[in-house]
Amino acid sequence: SQQGEEDPQALSIQEGENATMNCSYKTSINNLQWYRQNSGRGLVHLILIRSNEREKHSGRLRVTLDTSKKSSSLLITASRAADTASYFCATVPNDYKLSFGAGTTVTVRA
Amino acid sequence: NAGVTQTPKFRVLKTGQSMTLLCAQDMNHEYMYWYRQDPGMGLRLIHYSVGEGTTAKGEVPDGYNVSRLKKQNFLLGLESAAPSQTSVYFCASSYAGDRTDTQYFGPGTRLTVL
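Let us look at the structure shown here. (Residues numbered from 1 in each chain as written. Chains lettered and ligands numbered in written order. Predicted model: local features only at pLDDT ≥ 70, side-chain atom pairs only at ≥ 80, totals over all residues. Heavy atoms only, no water.)

1. Thoughts on the overall build of chain A
Scanning chain A from terminus to terminus reveals zero helices and eleven strands. Relative to the compact-globule value of 13 Å for 110 residues, chain A shows a C-alpha radius of gyration of 13 Å, a close match. Principal-axis analysis of the C-alpha atoms gives chain A an extent of 40 × 25 × 20 Å. Counting only residues that meet the buried cut, chain A has 45% of its 110 residues in that class. (Helix = DSSP H or I, 4+ residues; strand = E, 2+ residues; numbered from the N terminus. Rg over C-alpha atoms; globule rule 2.2 N^0.38 Å. Buried < 20%, exposed > 50% of the residue type's maximum accessible area, 1.4 Å probe, protein only.)

2. With respect to the interface of chain B and chain A
Contact with chain B, which involves 23 residues of that partner, is made by 25 residues of chain A. Carbon and sulfur atoms supply 54% of the area buried between chain B and chain A, which totals about 1,800 Å² over both sides. Counting the contacts that link chain B with chain A gives zero salt bridges. Applying the counting rule to chain B against chain A returns two residue pairs in polar contact (both at pLDDT 80 or more). For the side of chain B that touches chain A, the secondary structure elements donating two or more residues are strand S4 (31-38) and strand S5 (42-49) of chain B. (Contact = heavy atoms within 4.5 Å. Buried area = accessible area lost by both parts, 1.4 Å probe. Salt bridge = Lys/Arg side-chain N within 4 Å of Asp/Glu carboxyl O. Polar contact = N/O pair within 3.5 Å; in protein donor to acceptor, adjacent residues only side chain to side chain.)

3. Quick word on the state of the cysteines
All names here are of chain A. Applying the stated criterion across every chain yields a total of two disulfides over all chains. Here Cys 23 pairs with Cys 89 through a disulfide, and the sulfurs are 2.0 Å apart. When the S-S torsion is 60°, as for the bridge of Cys 23 with Cys 89, the disulfide is right-handed. In this pair, Cys 23 is assigned in strand S3 (residues 19-24) and Cys 89 in strand S9 (residues 85-92), connecting sequence segments 66 residues apart. (Disulfide = S-S within 2.5 Å.)

4. What about the pairing of strand S4 (residues 31-37) of chain A?
Residues and elements named next belong to chain A. When you tally the buried positions in S4, you get six out of seven residues, the bulk of the element. Relative to strand S5 (residues 43-50), S4 runs antiparallel, the two being bridged by seven bridges. Each bridged residue has a counterpart across the sheet, and for Leu 32 the counterpart in S5 is Ile 49. Once S4 ends, the chain turns through five residues before running back antiparallel as S5, passing Gly 40 with a positive phi of about 75°. Across seven bridges, the pairing between S4 and S9 is antiparallel. Among the inter-strand pairings, Asn 31 is bridged to a residue of S9, identified as Val 92. (Pairing = 2+ DSSP bridges.)

5. Description of the packing of aromatic side chains
Counted under the stated rule, the structure contains seven aromatic pairs over all chains. Taken together, a centroid distance of 6.1 Å and an interplanar angle of 75° make the contact between Phe 100 of chain A and Phe 105 of chain B edge-to-face. Residue Phe 100 of chain A is located in strand S10 (residues 99-100), and its partner Phe 105 of chain B is located in strand S10 (residues 104-105); the two belong to separate chains. Residue Phe 100 of chain A is classed as buried on the basis of its relative accessible area of 1%. In this structure an aromatic cluster arises from ring pairing among Tyr 35 and Phe 100 of chain A together with Tyr 33, Tyr 35 and Phe 105 of chain B. (Phe/Tyr/Trp six-rings, centres within 6.5 Å; stacked < 30°, edge-to-face > 60°.)

Shown next as structure tokens:
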């Protein structure tokens with residue numbers, strides 16, 4: 001069963017704006033990962049945040065994790081057309097198997 | 001270094017036909033996975049392997065079989081295809097089963113069962 005649920009399902013923003021998407025999950029996790037999928041392609045790992053971390057940065061990406069609320073957010077700053085993609089959160093509970101949400105589709109308008 | 005490759009990229013089957021999807025990785029990864037992706041459902045794990053000669057069931061294994069005869073290859077078989085198996089199939093691999101391992105994905109196989 002899907003552990004993570006992303007919100008919103010879809011997001012449309014202007015180039016240069018920030019994009020924020022959220023992920024909520026149900027059970028305790030070891031870590032949470034974010035992946036990106038460009039149309040017609042496989043998933044690409046973006047960033048991993050461990051359960052004992054609250055915030056992590058990678059380039060224009062900022063991820064937060066609130067284990068008390070069982071939620072995470074992914075912020076993409078200064079968006080570009082190339083950021084147009086679907087973004088998935090994947091939770092890792094007690095083993096190594098990822099549990100993916102349904103994703104957030106982000107469209108960046110020029 | 002090709003990463004994870006999948007063969008074929010597209011396939012159309014009739015109900016009841018069989019086929020095998022091939023996944024190959026050249027990163028010497030121990031763990032390999034097969035997922036299916038359906039609209040609005042995210043990815044669901046079908047089967048996985050923790051090493052050569054081993055396989056295990058994932059979340060949605062019914063109607064599929066797998067084999068891992070060589071470390072670099074992971075095959076997914078459909079013995080009698082059904083329309084419900086129309087989906088995009090992704091293979092992935094990771095170095096080991098450590099919880100923090102990144103999974104590397106192939107480009108996908110789009111399968112339509114008529």
